[in-house]
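# Residue-level structural notes
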Amino acid sequence: MTVKKILIIPDPILRKKSEPVKKVDKDIQNLMDDMLETMYSAPGIGLAAIQIGVPKRIVVMDLSKEDEKKTPFYFINPELVWKSKSKATYEEGCLSIPNQFAKIQRPEKCKINFLDYNGKEKSIEADGLLATCIQHEIDHLNGVLFIDYLSKLKKNMIMKKLMKEQKEIDRIVV
Ligand code: GNR
Ligand code: NI
């Protein structure tokens, strides 16, 4: 297992639409293992393959708390098949938009069809943080980021703040 580099905006790869996985084989499982390790080391609660530069429809997630046993979830070709009319608001962050947060409103509940780690068809009804997170990740597979839901003004503010912070980080690293 390897920790991969996470792409950061405005990397244009993050705007690519990811392709469905045709067959869940050992290569795909190795990729998911690397994604999970990358997510844990970040640390984050979810990661889409495109965030490490691989345009495949794969998501890993772990919503367990620090003091709990790790419970990884794997979603291959996740499909949003139902979403509630009721909305929920969460303060969202993204490993590809480091240290920036904004309140985002999304459907409170949703139903997802997907393939699991072994390629078996599964379906879940999600609510709470799981519902928010899986919608955030499916957005990544379509090249969409949480800042796209913000006003132009808020989006520009986040972009500017991020670029300034990244420049400062670059100076310290060099
Ligand atoms: O680690 C993450 N936390 C988070 C918090 C609220 C809503 C969504 C997320 S996902 C994010 C990791 C990430 O960028 N996944 O793509
Ligand atoms: Ni993200």
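Anyway, here's the lowdown on the structure attached to this text. (Residues numbered from 1 in each chain as written. Chains lettered and ligands numbered in written order. Predicted model: local features only at pLDDT ≥ 70, side-chain atom pairs only at ≥ 80, totals over all residues. Heavy atoms only, no water.)

## Brief notes about the sheet that holds strand β2 (residues 58-61)
To be explicit about the condition: For two strands to count as paired, DSSP must find a minimum of two bridges between them. Helix and strand definitions follow DSSP, with helices as H or I runs of at least four residues and strands as E runs of at least two, each counted in order from the N terminus. Axis lines are fitted to C-alpha atoms, over the contacting stretch for helices. Their N-to-C directions set the angle, which ranges from 0 to 180 degrees. By definition, residues are in contact when any of their heavy atoms lie within 4.5 Å.
Pairing within the open sheet is antiparallel, and its 5 strands lie in the order β1-β2-β3-β6-β7. Where the open sheet ends on each side, the last strands, each with one partner, are β1 (46-48) and β7 (121-126). The sheet shows a mean angle of 40 degrees between the axes of neighbouring strands, direction not considered. Along the sheet, helix α1 (residues 26-41) makes contact with β1, β2 and β3 (73-83), crossing β2 at roughly 45 degrees. In the packing of helix α2 (residues 128-141) onto the sheet, the strands contacted are β1, β2, β3, β6 (110-115) and β7, and the crossing angle to β2 comes to about 150 degrees.

## Overview of the pattern of salt bridges
Filter applied, for reference: Just to be clear on terms, a salt bridge is a Lys or Arg side-chain nitrogen sitting within 4 Å of an Asp or Glu carboxyl oxygen. The rule is simple: take the accessible area with a 1.4 Å probe, protein chains only, and divide by the maximum for that residue type; under 20% is buried, over 50% is exposed, in between is partly exposed.
Tallied over the entire structure, the rule returns 8 salt bridges. Measuring nitrogen to oxygen at the nearest pair gives 2.7 Å for the salt bridge that ties Asp148 to Arg15. Taken as a pair, Asp148 in the loop between α2 and α3 (152-173) and Arg15 in the segment before α1 lie far apart in primary sequence, 133 residues in all. We classify Asp148 as partly exposed; its relative accessible area is 28%. Among the salt bridges present, the one from Arg106 reaches Glu92, with a minimum N-O distance of 2.7 Å. Within this pair, whereas Arg106 is found in strand β5 (residues 97-107), its partner Glu92 is found in strand β4 (residues 87-94), the two being separated by 14 residues in sequence. This pair shows no difference in class: Arg106 is buried, exactly as Glu92 is. Among the charged side chains, a salt-bridge network with shared partners connects Arg15, Asp148 and Lys155.

## A word on the site of ligand 1
Put simply, the rule reads: Think of it this way: one heavy atom of a residue within 4 Å of a molecule or strand is enough to make that residue near it. Any N or O atom pair separated by 3.5 Å or less is treated as a polar contact, with the protein-specific requirement of one donor-capable and one acceptor-capable atom, and with residues adjacent in sequence counted only for side-chain atom pairs. Computed with a 1.4 Å probe, the accessible areas rest on the Shrake-Rupley method; for each residue, only the protein chains presented here act as cover. Any residue with an atom within 4 Å of a point lines the site, the site being either a cavity, points on a 1 Å grid over the protein atoms alone where a 1.4 Å probe fits but cannot get out, or a pocket, an open set with protein on both sides within 12 Å along at least 5 of 7 lines. Put plainly, a molecule is in a cavity or pocket when over half of its atoms are within 2 Å of the grid points there.
Taken together, the neighbourhood of ligand 1 is formed by Gly44, Ile45, Gly46, Gln51, Glu91, Glu92, Gly93, Cys94, Leu95, His136, Glu137 and His140. Within the side chain of Gln51, a nitrogen or oxygen atom sits 2.8 Å from an oxygen atom of ligand 1. Within the side chain of His140, an N or O atom sits 2.9 Å from an oxygen atom of ligand 1. Relative to its unbound accessible surface of 380 Å², ligand 1 loses 90% to contact with the protein. According to the grid-proximity analysis, the pocket containing ligand 1 is the largest pocket. Within the residue set of the shell around ligand 1, elements represented by two or more residues are β4 and α2. With 4 residues, β4 is the single largest residue contributor to the shell around ligand 1.

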